[in-house]
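Notes for the structure review
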Amino acid sequence: MAKQAKNEGVLDRISTLPDHILCHMLCFLPIKDAVRTSVLSPRWRYLFTFMSTLDLYDYRQFRGFTRRDFNDFKNFVDRLLLFPKQQVRLECFRVTENASDGDCPRLYGWICAVLSRGIKELVVSYGKTLRLPTLLFTCQSLVTLELDIPGDMKIPPDVSLPNLKSLNLSNFLFSDGLIFKLVSSCHVLEELYMEFVKLGRNITEVNIHNLSLKRMTLEFVLVNRDKDYKMVINAPNLEYFKIYDMLANGYRVSSMNSLEHANIKVHQCPEYAIYDVNRERAATNLLQAICNVKCLYLLITHAETLIPMGPEPVFAFHKLVQLKFVNETEAWVGTWILEFLHCVPNLEILHLALDAASEGIKPLAENVPSCVSFHLTEIRISRFVGDEPMFQMISFFLKHATVLETLIIAMKYLTEKEELSITKRLLELPRNSRSCQVITE
């Protein structure tokens, strides 16, 4: 029995696994290590050529490569992708310009090859302009497409990506509206990311229409623009929405009733920084569309200009329980913050990241927001430099918040002596909530 147990202890259990399991395991290795397994035994000799994933994305695997090494590697990838005897279905292909050593025609050929092999996930990152094959925009098998390529994105008029669920585009220049036609034609698309995307001067309307979208990120950069653009968004089933945008001249956005998280950053062009009533209405329309959100990150410069204040709120966030408000200028005033809190009656967590302001909340508001009186349990103040306007606001919160549990103050640019003095003053402020803890960082 002992001899039998000893023999079982040295059993090569990996070799007992079927080929498809071994190929799947090889997909988690760097390509060089996967190829090295070919020397293990005759069975392993060509096993790596059946891998369903070819990952050439990590630039570290090419460190120390000489010119000859790169030429040999590119020839190896050619044989792997174009091998005539075994056109294995390829699930995933990730590649950067490092893998092709900046050889655009070679990379173009690799992309064409994987598109003809039932590819489901394609990730391409390239540091300069790269022509994309027309076949890319009619690939029936693609589920995930991620492209990070500078330069104008040429899209053919006829596009068809029926199984695409995730589209990630970075650093492109959109010179026409065909990209928005592409988005609308993807009927099962769930995730859309457009980051550091440049809008050419011919784009007068950003029009995104897709009923299946659940997550969307839009971050636009304006290029040589001498005219405004409008933004039209019809994606009512979004659960996550992020937009970083120069304030458009108009927003037409469908209501997003399923929205859980929103990350909104809008700021005006310098020439409109003082006041523009049309842009004021535009910002209001954008916020009205996301009023069902539960967690909101809001960064707006010139807030008192963009959000019209009056005797009655123009929108209400009844479902919002967590808000982070950021302002990177001295344009904010405490009165605006309090006015906005009237629009979020059920807020529980508030985070303010504000630069020092010249005006606080004078005269002190008599009408206390209901969220402050009944719901706020945690308040965090970042970038506190001991300025009097923020002291007024902190004092207001402590005086009127009845269920506040934690007030966290993160100080900035202060000496140890200044921090001790401010902490002492904070701790002496009267509190309405007996369970409230004041914490300084």
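Cut-off values and rules
Residues numbered from 1 in each chain as written. Predicted model: local features only at pLDDT ≥ 70, side-chain atom pairs only at ≥ 80, totals over all residues. Heavy atoms only, no water. Helix = DSSP H or I, 4+ residues; strand = E, 2+ residues; numbered from the N terminus. Buried < 20%, exposed > 50% of the residue type's maximum accessible area, 1.4 Å probe, protein only. Contact = heavy atoms within 4.5 Å. Pairing = 2+ DSSP bridges. Axes fitted to C-alpha atoms, helices over the stretch in contact; angles between N-to-C directions. Expected span 1.5 Å × (residues − 1). Arc of directions from axis to C-beta. Patch = residues over 30% accessible without salt bridge, like charges linked within 9 Å, V, L, I, M, F, W, Y side chains within 5 Å. Areas by Shrake-Rupley, 256 points an atom, 1.4 Å probe, with all protein chains shown as cover. Salt bridge = Lys/Arg side-chain N within 4 Å of Asp/Glu carboxyl O. Phe/Tyr/Trp six-rings, centres within 6.5 Å; stacked < 30°, edge-to-face > 60°. Lys NZ or Arg CZ within 6 Å of the ring centre and 35° of its normal. Parallel < 35°, antiparallel > 145°, perpendicular 65-115°, else oblique. Left-handed = near helix turned anticlockwise from the far one by under 90°. Nonpolar A, V, L, I, M, F, W, Y, C, P; charged D, E, K, R; others polar.

- As annotated in an unreviewed UniProt entry, the protein chain carries the name F-box domain-containing protein and comes from Gossypium tomentosum.

1. Let's talk about the environment of Val124
- By secondary structure assignment, the location of Val124 is in strand E3 (residues 121-125).
- The class for Val124 is buried, based on a relative accessible area of 1%.
- Sequence spacing of Val124 and Ile149 is 25 residues, and the spatial spacing of their C-alpha atoms is 7.7 Å.
- Each residue touching Val124, except ones within four places of it in the same chain, is listed here: Val95, Leu107, Ile111, Leu130, Glu146, Leu147, Asp148 and Ile149.

2. Observations regarding the sheet that holds strand E9 (residues 230-234)
- Across the sheet, 3 strands lie side by side as E7-E9-E11; this open sheet has parallel pairing. Pairing within the sheet leaves two strands with one partner each, and these edge strands are strand E7 (205-209) and strand E11 (250-253). Recorded for the sheet is a direction-independent mean angle of 5° between the axes of neighbouring strands.
- Here 4 bridges tie E9 to E11, and the two strands are oriented parallel to one another. Following the sheet pairing, Met231 is matched in E11 by Tyr251.

3. Describing the environment of Ile264
- By the secondary structure assignment, Ile264 is in strand E12 (residues 261-267).
- Along the backbone, Ile264 and Asp245 are 19 residues apart, and their C-alpha atoms lie at a distance of 8.5 Å.
- The residues touching Ile264, leaving out its near neighbours within four places in the chain, are Phe241, Ile243, Leu286, Ile290, Leu296, Tyr297, Leu298 and Leu299.

4. Quick word on the pairing of strand E14 (residues 322-327)
- Relative to E14, strand E13 (residues 295-300) runs parallel, the two being bridged by 5 bridges. The partner of Leu299 across the bridge, within E14, is Val326.
- When E14 meets strand E15 (residues 349-354), the two strands line up parallel, connected through 6 bridges. Across the sheet, residue Val326 finds its bridge partner in E15, namely Ala353.

5. Points about helix H13 (residues 416-428)
- If you check H13, its first and last C-alpha atoms are 19 Å apart, about what 13 residues at 1.5 Å a residue would give, namely 18 Å.
- What H13 keeps buried is the set Ile422, Thr423 and Leu426. Axial view of H13: buried residues confined to an arc of 105°, hence all on one face. Opposite its buried face, H13 presents the exposed residues Lys417, Leu420, Lys424 and Glu428, each directed more than 90 degrees away.
- Buried residues along H13 sit in contact with strand E16 (378-384), helix H12 (388-400), strand E17 (406-411) and strand E18 (437-440).

6. Re a nonpolar patch on the surface
- A cluster of nonpolar residues, Ile14, Ile21 and Met25, forms a patch on the protein surface that exposes about 230 Å² of accessible area.
- Along the chain, Ile21 falls in helix H2 (residues 19-26).

7. Here we look at the packing of aromatic side chains
- Throughout the structure, instances matching the rule amount to 4 aromatic pairs.
- On the numbers, 5.3 Å between centres and 75° between planes, the contact of Phe384 with Phe391 is edge-to-face.
- Of the residues examined, Phe384 reaches a relative accessible area of 1% and is grouped as buried.
- Considering the side-chain rings of Phe396 and Phe397, the 6.3 Å spacing of their centres and the 70° angle between planes classify their relative orientation as edge-to-face. An identical accessibility class is assigned to Phe396 and Phe397; each is buried.
- The side chain of Lys242 reaches across the aromatic face of Tyr244, ending 4.9 Å from its centre.

8. Focus on the pattern of salt bridges
- This structure, assessed with the given rule, holds 7 salt bridges.
- Across the salt bridge formed by Asp78 and Arg106, the nearest N and O atoms sit 2.9 Å from each other. Linking Asp78 in helix H4 (residues 67-82) with Arg106 in helix H6 (residues 104-115), this pair joins segments that are 28 residues apart in sequence.
- Its relative accessible area of 18% is what places Asp78 among the buried residues.
- The shortest N-O distance in the salt bridge between Glu388 and Arg425 comes to 3.1 Å. Highlighted residues: Glu388 in helix H12 and Arg425 in helix H13, separated in sequence by 37 residues.

9. Some remarks on the packing of H12 against H13
- The geometry of H12 relative to H13 is characterised by a closest axis approach of 11 Å and an angle of 30° between their N-to-C directions. Here H12 lies roughly parallel to H13, going by the angle between them. For the element pair H12 and H13, the recorded crossing hand is right-handed. The segment H12 lies against H13, with Glu388, Phe391 and Ile394 engaging Ile422, Arg425 and Leu426.
- Here the residues of the contact of H12 with H13 are counted per class, giving 4 nonpolar, no polar and 2 charged.

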